[in-house]
Amino acid sequence: MPDSLPKLPPGLAALLARASVGPQRLTEPAPSDEALRLAVAAALRAPDHAGVKPWRFVAISGDDRAAFGDFLAEAMARFRPDFPPDRIEKERMRPSRAPLFIVAGASIRHGFKIPVWEQQASAAAGVMNFLNALDAQGFGAFWASSPGLENPEVKKALGFEEGDMLLGWIMVGTPTAERTRPMRPEPDAFLRRWTKP
Ligand SMILES: Cc1cc2nc3c(=O)[nH]c(=O)nc-3n(C[C@H](O)[C@H](O)[C@H](O)COP(=O)(O)O)c2cc1C
């Protein structure tokens, strides 16, 4: 797809332009509280079967990022004693790599008529909307993962229940320079039509 398609509705143009910005290319300022609130509001527009409302975001900023990094490193050393020191240190530094560190999770209703996978899908769709809303407001973000997301101790410390799921670490800030928006594959290869045999 071309990088800019001038006659598109603005919302669609924004969707077609979205790209991740890696933490090495993120700087201050972080989004304001209001910009963050708008991104969460966008997340809440994700489809949600039977009103489960699974979307959860935990924001960590300022000095709390280093404090959370220390906790993450210690919790990871307990969770994965097989991890070498450099992997533990990577966890320690992770939250401080961008001005704003967000933990995205899914609050899951177990034993409910809506299967867990649908609730996870809704929460993940919310994360996508969240990223799009940040991008549309001029911020950069990067969705990352690590085994720490599966650590029950980390989940609990962030206010999640045992049966909930952490979906990712999202690093957020302002892009350091004109962001790159790499070309994407042509969409045709990703669309199949089924017709009556
Ligand atoms: C659930 C999830 C976890 C991810 N975790 C990582 C990760 O740990 N490290 C990484 O380099 N990219 C990770 N990615 C991919 C990046 O977020 C990003 O999509 C990728 O670098 C491509 O950039 P783009 O979004 O501009 O296409 C993850 C994506 C998703 C959806």
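In what follows, the accompanying structure is described. (Residues numbered from 1 in each chain as written. Predicted model: local features only at pLDDT ≥ 70, side-chain atom pairs only at ≥ 80, totals over all residues. Heavy atoms only, no water.)

Comments concerning the pattern of salt bridges
For step 1, the next point in the chain: Evaluation of the coordinates by the stated rule reveals 7 salt bridges.
For step 2, the next point in the chain: Close ionic contact of Arg92 with Asp70 constitutes a salt bridge, the shortest N to O distance being 3.1 Å. With Arg92 in helix 4 (residues 85-93) and Asp70 in helix 3 (residues 64-79), this residue pair connects regions lying 22 residues apart in the sequence.
For step 3, the next point in the chain: With a relative accessible area of 23%, Arg92 lands in the partly exposed category.
For step 4, the next point in the chain: Asp70 gets classed as partly exposed once you look at its relative accessible area, which sits at 34%. (Salt bridge = Lys/Arg side-chain N within 4 Å of Asp/Glu carboxyl O. Helix = DSSP H or I, 4+ residues; strand = E, 2+ residues; numbered from the N terminus. Buried < 20%, exposed > 50% of the residue type's maximum accessible area, 1.4 Å probe, protein only.)

Some remarks on the pairing of strand 3 (residues 100-106)
For step 1, the next point in the chain: Within strand 3, 7 of the 7 residues are buried, leaving the element largely enclosed by the surrounding structure.
For step 2, the next point in the chain: Both faces of strand 3 are covered, namely the face carrying Leu100, Ile102, Ala104 and Ala106 and the face carrying Phe101, Val103 and Gly105.

Observations concerning the packing of helix 2 (residues 33-43) against helix 5 (residues 116-136)
For step 1, the next point in the chain: Running from amino to carboxyl end, helix 2 crosses helix 5 at an angle of 145 degrees, the nearest separation of the two axes being 7 Å. Regarding helix 2 and helix 5, the two cross each other, and that crossing is right-handed. Of the residues in helix 5, those touching helix 2 at Leu36, Leu38, Ala39, Val40, Ala42 and Ala43 are Gly126, Asn129, Phe130, Ala133 and Leu134.
For step 2, the next point in the chain: Split by residue class, the contact of helix 2 with helix 5 holds 9 nonpolar, 2 polar and no charged. (Axes fitted to C-alpha atoms, helices over the stretch in contact; angles between N-to-C directions. Left-handed = near helix turned anticlockwise from the far one by under 90°. Contact = heavy atoms within 4.5 Å. Nonpolar A, V, L, I, M, F, W, Y, C, P; charged D, E, K, R; others polar.)

Digging into the side chain of Glu91
For step 1, the next point in the chain: On the secondary structure map, Glu91 appears in helix 4.
For step 2, the next point in the chain: A relative accessible area of 3% places Glu91 in the buried class.
For step 3, the next point in the chain: Once you skip the residues sitting within four places of it in the chain, Glu91 turns out to touch Gly69, Leu72, Ala73, Met76 and Ser146.

Regarding the packing of helix 3 against helix 4
For step 1, the next point in the chain: With their axes 7 Å apart at the nearest point, helix 3 and helix 4 run at an angle of 150 degrees to one another. Comparing the axis directions of helix 3 and helix 4 gives the class roughly antiparallel. As helix 3 packs across helix 4, the resulting crossing turns out to be right-handed. In this structure, helix 3 contributes Gly69, Asp70, Leu72, Ala73, Glu74, Met76 and Ala77 to the contact, and helix 4 contributes Ile88, Glu91 and Arg92.
For step 2, the next point in the chain: Split by residue class, the contact of helix 3 with helix 4 holds 5 nonpolar, 1 polar and 4 charged. (Parallel < 35°, antiparallel > 145°, perpendicular 65-115°, else oblique.)

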